[in-house]
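# Tertiary structure, described
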Amino acid sequence: MPISPIEKAGPAAAEVARLMTICNACRYCEGLCAVFPAMELRRAFPLADAEYLANLCHDCGACFAACQYAPPHEFAVNVPKALSSLRARSYARHVWPGFLAPAFAKNALAICLLAAASVALFIVGFVASNDAGALFAAHAGPGAFYRLMPHEAMIWLFGAVFAYAIFAIAAGLRRFWRATGGGPIAARDLLAAAAPAGRLTYLDGGGAGCPVDDEHGRDRRKLYHHLSFYGFLLCLASTLAATLYHYGLGLQAPYPWTSPVVILGTLGGIGLVAGPVGLMDETRRRPPEIAASTRSGMAAAFLWMLLFNGLTGLALLALRETPAMGGLLAIHLGFVFALFLSFPYGKFVHGFYRYAALARFAGETRRPRHETAHGAIGI
Ligand code: SF4
Ligand code: SF4
């Protein structure tokens, strides 16, 4: 028997195509999220469309809980698991440069910890080679951090790795967009995607909240995701404010507790601790049928990196005028470097791919149905 193109695309894509064909006949879940209305615009599910739908899915689990064809039914429909599996493969398929994907997929946490330790040791060695006593001395007042590592050295080191991460993510996102059949994108579709992305509209099972059985309690992943995401944005805002203080106002860190830099950083740090801890707990408590694909190494490594960044950032803030500051600064900067380095190769990219899928969904649902139907695109 000849092998169809979707079978050639791999078992994960073939399973999504099989399930979407069943769901397209059933349509019971069409009000739960964006995946089912997008599915209904298609009659066939080649790899490009399957990857698009996989990244449109928010992994709420509602369609598994609602499905009358879930195992032990012979159809064995498990949409969250199939989409999650293909979604993870799409990150690896489009990552730039591609040869780094397997290394991070298998050893994400180990690589991150190694990178963090290397940078922390580099900073300790850098300080020790200039003035070993400075590492264990208490420093206070403007410029205290820079007595350990010059501001310019910090900017070059972290600016370079951040710029590399942004470039690599953009290259991967471009590959994803092209591979999933995305053409020119309208600004209004990008804007339309902002609200569902910012609110995580499709992570609530159609409005009733992510369903889990009584044994597993209530699913608060949306809350913890918000804490993680907005915690990260607050930390970014704190860094931008610090840059403004340094270059615009000529004021050197550390800044007073009441300054916007510290307030934003403190709130962000709390979010980066509470969010990942909550998400790890929710992941542990998810029903095993849909949990397997969410416990991948990349997802876990990303949460650990966020948590370590939050914890070490808050510890540095609390102990910045004590002799512990030198060691904590080296450790915190090590974790910041590792987080930046892992951005293109870890779970961080899911935000960009999902946003792109939401923008495409906005465009599809804005246009007349006959313009967006993809029944003619066979496999
Ligand atoms: S997940 Fe199950 S119930 Fe929902 S549309 Fe698909 S087949 Fe129907
Ligand atoms: S977002 Fe939820 S309801 Fe929609 S496909 Fe994914 S798991 Fe199913």
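Going by the structure above, here's the rest.
The following paragraphs examine the structure supplied in this document.

Cut-offs used in this document
- Residues numbered from 1 in each chain as written.
- Chains lettered and ligands numbered in written order.
- Predicted model: local features only at pLDDT ≥ 70, side-chain atom pairs only at ≥ 80, totals over all residues.
- Heavy atoms only, no water.
- Axes fitted to C-alpha atoms, helices over the stretch in contact; angles between N-to-C directions.
- Helix = DSSP H or I, 4+ residues; strand = E, 2+ residues; numbered from the N terminus.
- Parallel < 35°, antiparallel > 145°, perpendicular 65-115°, else oblique.
- Contact = heavy atoms within 4.5 Å.
- Nonpolar A, V, L, I, M, F, W, Y, C, P; charged D, E, K, R; others polar.
- Near = heavy atom within 4 Å.
- Buried < 20%, exposed > 50% of the residue type's maximum accessible area, 1.4 Å probe, protein only.
- Salt bridge = Lys/Arg side-chain N within 4 Å of Asp/Glu carboxyl O.

Right, let's talk about the packing of helix α4 (residues 47-56) against helix α15 (residues 350-366) for a bit. Where α4 meets α15, the axes come as close as 8 Å, and the angle between the chain directions of the two elements is 110°. In terms of their interaxial angle, α4 and α15 are classed as roughly perpendicular. When α4 is examined against α15, the residues D49, Y52, N55 and L56 are found in contact with a partner set consisting of Y353, R354, A357, L358, R360, F361 and E364. Tallied by class, the residues present in the contact of α4 with α15 amount to six nonpolar, one polar and four charged.

Moving on, we come to the site of ligand 2. Near ligand 2 there are 14 residues, and of these C33, C57, C60, G61 and C63 occur at the shortest range. Only α3 (35-39) and α6 (79-94) provide two or more residues apiece to the shell around ligand 2. Residue contributions to the shell around ligand 2 peak at three residues, all from α6. For the shell around ligand 2, a count of residues per class yields 11 nonpolar, two polar and one charged.

Turning to the environment of P254, a few remarks are in order. One can find P254 in the loop between α10 (221-248) and α11 (260-285). A residue is classified by how much of its surface remains accessible, and P254, at 18% relative accessible area, is buried. Not counting chain neighbours up to four residues away, the residues in contact with P254 comprise G141, G143, A144, F145 and R320.

Our next topic: the site of ligand 1. Around ligand 1, a shell composed of C23, C26, R27, Y28, C29, F36, C63, C67, Q68, Y69, V77 and V79 is seen. The residue makeup of the shell around ligand 1, split by class, is 10 nonpolar, one polar and one charged.

A few words now on the environment of F99. For F99, the location among the structural elements is in the loop between α6 and α7 (101-135). F99 sits 61 residues away from A160 along the chain, and the two C-alpha atoms are 21 Å apart.

Our next topic: the pattern of salt bridges. Scanning the model with the defined rule gives 12 salt bridges in all. Between D189 and R366 there is a salt bridge whose closest N-O contact spans 2.9 Å. Note that D189 is positioned in helix α9 (residues 187-199) and R366 in helix α15, a separation of 177 residues in sequence. The salt bridge partner of R285 is D281, with a shortest N-O separation of 3.6 Å. Of this pair, R285 and D281 both sit in helix α11, four residues apart, which is roughly one turn of the helix.

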